[in-house]
Amino acid sequence: MRFGVELLLEENKIPKDKNRIFLSLLKNCFKSYSEKYYEQLYKEAENKTKEFTFSLYMGNCKFLRDEIEIPNRKIYLNFSTYSNEDGIMFYNSILECKGKKFPIKNNTMRISRLNIRKEKPFYSDEAIFKTLSPIVVREHKGCNEKTWYHSLNTKKGQSIFLDNLRYQLIDIFGEKIKLDFEDISLEVLKGNKEVKVKNYGIEVLSNVAKLKIKAKPYILDYLYKAGIGSKRGSGFGMLDIV
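Residues numbered from 1 in each chain as written. Predicted model: local features only at pLDDT ≥ 70, side-chain atom pairs only at ≥ 80, totals over all residues. Heavy atoms only, no water.

1. Observations regarding the pattern of salt bridges
Note that side chains of opposite charge can pair when their charged atoms are close. Summed over the entire model, instances satisfying the criterion amount to 10 salt bridges. What emerges from the salt-bridge pattern is a single network uniting Glu 6, Lys 74 and Arg 113. (Salt bridge = Lys/Arg side-chain N within 4 Å of Asp/Glu carboxyl O.)

Here you go:
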């Protein structure tokens, strides 16, 4: 399920650590509509894997040292999920909070419109995706001091990306996915760009790219809807079909 949300700002600048702001918006909306659902997502299990992702479109914006300047004071939040429950809860919670003002640093934001976006089906074992939000390849070994971020420009980054993808798919589909995973291949196409995104005060290495992925159609459908890579629930790894 895919949705588009128009957000209006009172002032024309927001902090550069933008994903943090919009994740807070989602949490506030979820909690306002259903505290039980909010608890399931964010409280009952630490670092629970989310089956949704989001991206931001800020138009003709300008990146300053610590802020982002948005002249028309409009932001479009794109939300996508593989889970019907997440989709229904998102839709209802956004409607519940439509028109409500959310304070952010030196600014205020409110939800103006909500639209349902048409999804694209998969009929073959290959698709070319483009990123709507940067892809994060994270290598995590037990604590934050042993966390590294890798680029898809490197063989090691691509290898860790596929390892993480394997765990992600097993988590949602179970052990039966292992045979189909053997047929998955990844090709990073020309134009891949490394970017550093400020996230909770840390600059995270990530990639804006086009990817050719070969996999069973149900796997491609999952990646298209749930996103790809690490930190998907924090606004990374949202894909669209080229």
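Picking up after the structure, the text goes on.
2. A look at helix H4 (residues 155–173)
An ideal rise of 1.5 Å per residue puts 27 Å on 19 residues; H4 measures up with 27 Å between its terminal C-alpha atoms. Those residues of H4 lying buried are Gly 157, Ile 160, Phe 161, Leu 165, Gln 168, Leu 169, Ile 170 and Phe 173. At the exit of H4 stands Gly 174, carrying a positive phi of roughly 90°. (Helix = DSSP H or I, 4+ residues; strand = E, 2+ residues; numbered from the N terminus. Expected span 1.5 Å × (residues − 1). Buried < 20%, exposed > 50% of the residue type's maximum accessible area, 1.4 Å probe, protein only.)

3. Here we look at the sheet that holds strand S3 (residues 52–57)
Within the open sheet, the 5 strands sit side by side as S3-S6-S1-S8-S7. Their pairing is antiparallel. Of all the strands in the sheet, the pair left with one neighbour each is S3 and strand S7 (101–104). Taking the axes of each pair of neighbouring strands and ignoring which way they run, one obtains an average angle of 30° across the sheet. Examined bridge by bridge, S7 and strand S8 (residues 107–117) share 4 bridges and lie antiparallel to one another. (Pairing = 2+ DSSP bridges. Axes fitted to C-alpha atoms, helices over the stretch in contact; angles between N-to-C directions.)

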